[in-house]
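Take a look at the letters that make up each chain.
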Amino acid sequence: MIKIIGTGVWVLAITLASVYFSLKMASAPKVDTAAAEREAAMEFVSGYTTTVPVIGEGGVNGYLLTKLAYKANKELAAKQVVPVPQVITDELYTLLVGKKMIDVANAGSFDLEAFRGIIKEGLNRRFGAEVIDEVYVEQIDYLTTASVEEPPQKKGVTLLKGDVPVVEQPAEKSGGH
């Protein structure tokens, strides 16, 4: 009889412990309210496609096409006198042309994370506040002036042109249709 009572108490203790731990684990995770408020204060700003001339010896060597997007603070962006996309475009020209951040001759040395960081720092310095939180790269392309000036060859270009004899066919009679 004592064995049965001991077994019952043992099963009861195990059941209560398992229910307690399952409820403890199933509770909702703690939410970082500061991070949630910071994310709610952000908005997505899509930038324009910016074409920056790459100037080298003898003139323009090519064009750098960039399209960037940004996560910006809504309140701080709304306080800006000049619209945010226009300031971003101007600062991109300053950073890409004035400081020559991208060396197209040595493409292997390009560091995307450093590029994003420099863009973010430059924009926030220009705004005078921490307006930009993140920089997203949508496009970075380089076109040489030769590829822009000379149109690409069409597919199926005729290499040799000869005369094709024309064979006259008798006129078909209409069947009254």
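Residues numbered from 1 in each chain as written. Predicted model: local features only at pLDDT ≥ 70, side-chain atom pairs only at ≥ 80, totals over all residues. Heavy atoms only, no water.

### Digging into the overall build of the protein
In step 1: Tallying secondary structure elements over the protein gives 6 helices and 3 strands in all.
In step 2: Tracing the protein from N to C terminus, the helices and strands come up as α-α-β-β-α-α-α-β-α.
In step 3: Burial analysis of the protein (177 residues in total) assigns 20% to the buried set.
In step 4: Excluding contacts between residues fewer than 6 apart, the proportion of contacts in the protein whose partners are at least 24 apart in sequence is 70%.
In step 5: Only carbon and sulfur atoms are counted for the fraction: they give 59% of the accessible area of the protein, which is about 13,800 Å². (Helix = DSSP H or I, 4+ residues; strand = E, 2+ residues; numbered from the N terminus. Buried < 20%, exposed > 50% of the residue type's maximum accessible area, 1.4 Å probe, protein only. Contact = heavy atoms within 4.5 Å. Areas by Shrake-Rupley, 256 points an atom, 1.4 Å probe, with all protein chains shown as cover.)

### Observations concerning the sheet that holds strand β2 (residues 59–73)
In step 1: Strand order in this open sheet of 3 strands is β1-β2-β3, and the pairing throughout is antiparallel. Two strands close off the open sheet at either side, each with one partner strand: β1 (42–56) and β3 (132–144). Averaged over all adjacent pairs, the angle separating strand axes in this sheet is 15 degrees, with direction ignored.
In step 2: The pairing of β1 with β2 spans 13 bridges and is antiparallel. (Pairing = 2+ DSSP bridges. Axes fitted to C-alpha atoms, helices over the stretch in contact; angles between N-to-C directions.)

### Some details on the side chain of T50
In step 1: Among the structural elements, T50 can be located in strand β1.
In step 2: Setting aside chain neighbours within four positions, we find T50 in contact with L64, L65, T66, T89, L92 and Y93.

### Points about the side chain of N124
In step 1: Structurally, N124 can be placed in helix α5 (residues 112–127).
In step 2: The buried category is assigned to N124, whose relative accessible area is 6%.

### Some details on the pattern of salt bridges
In step 1: Counting across every chain of the model gives 5 salt bridges.
In step 2: The shortest N-O distance in the salt bridge between R126 and D90 comes to 2.5 Å. Of the two residues, R126 is situated in helix α5 and D90 in helix α4 (residues 84–98); the sequence distance between them amounts to 36 residues.
In step 3: D90 gets classed as partly exposed once you look at its relative accessible area, which sits at 35%.
In step 4: Salt bridges here are not isolated pairs; linked through shared partners, they connect D90, E91 and R126. (Salt bridge = Lys/Arg side-chain N within 4 Å of Asp/Glu carboxyl O.)

### Quick look at the confidence of the model for the protein
In step 1: When pLDDT is averaged across the protein, the result is 78; 75% of the residues are at 70 or more.
In step 2: Within the protein, no element has a lower average pLDDT than helix α6 (residues 145–149), which sits at 72, and none a higher one than helix α1 (residues 2–26), at 89. (pLDDT = per-residue confidence, 0-100.)

### Re the environment of V81
In step 1: For V81, the location among the structural elements is in the loop between α3 (74–78) and α4.
In step 2: Between the C-alpha atoms of V81 and F127, which are 46 residues apart in sequence, the distance is 9.7 Å.

### Observations concerning the pairing of β2
As a general feature of sheets, a regular strand has side chains that alternate between the two faces.
In step 1: Hairpin connection of β1 to β2: 2 residues between the antiparallel strands, including G58 at a positive phi of 85 degrees.
In step 2: With 11 bridges joining them, β2 and β3 adopt antiparallel strand pairing. Across the sheet, K71 pairs through a bridge with E134, a residue of β3.

### Focus on a nonpolar patch on the surface
In step 1: There is a patch of nonpolar side chains on the surface, built from I55, V60, Y93 and V97 and spanning about 300 Å² of accessible area.
In step 2: For Y93, the position within the fold is in helix α4.
In step 3: Of the residues examined, Y93 reaches a relative accessible area of 33% and is grouped as partly exposed. (Patch = residues over 30% accessible without salt bridge, like charges linked within 9 Å, V, L, I, M, F, W, Y side chains within 5 Å.)

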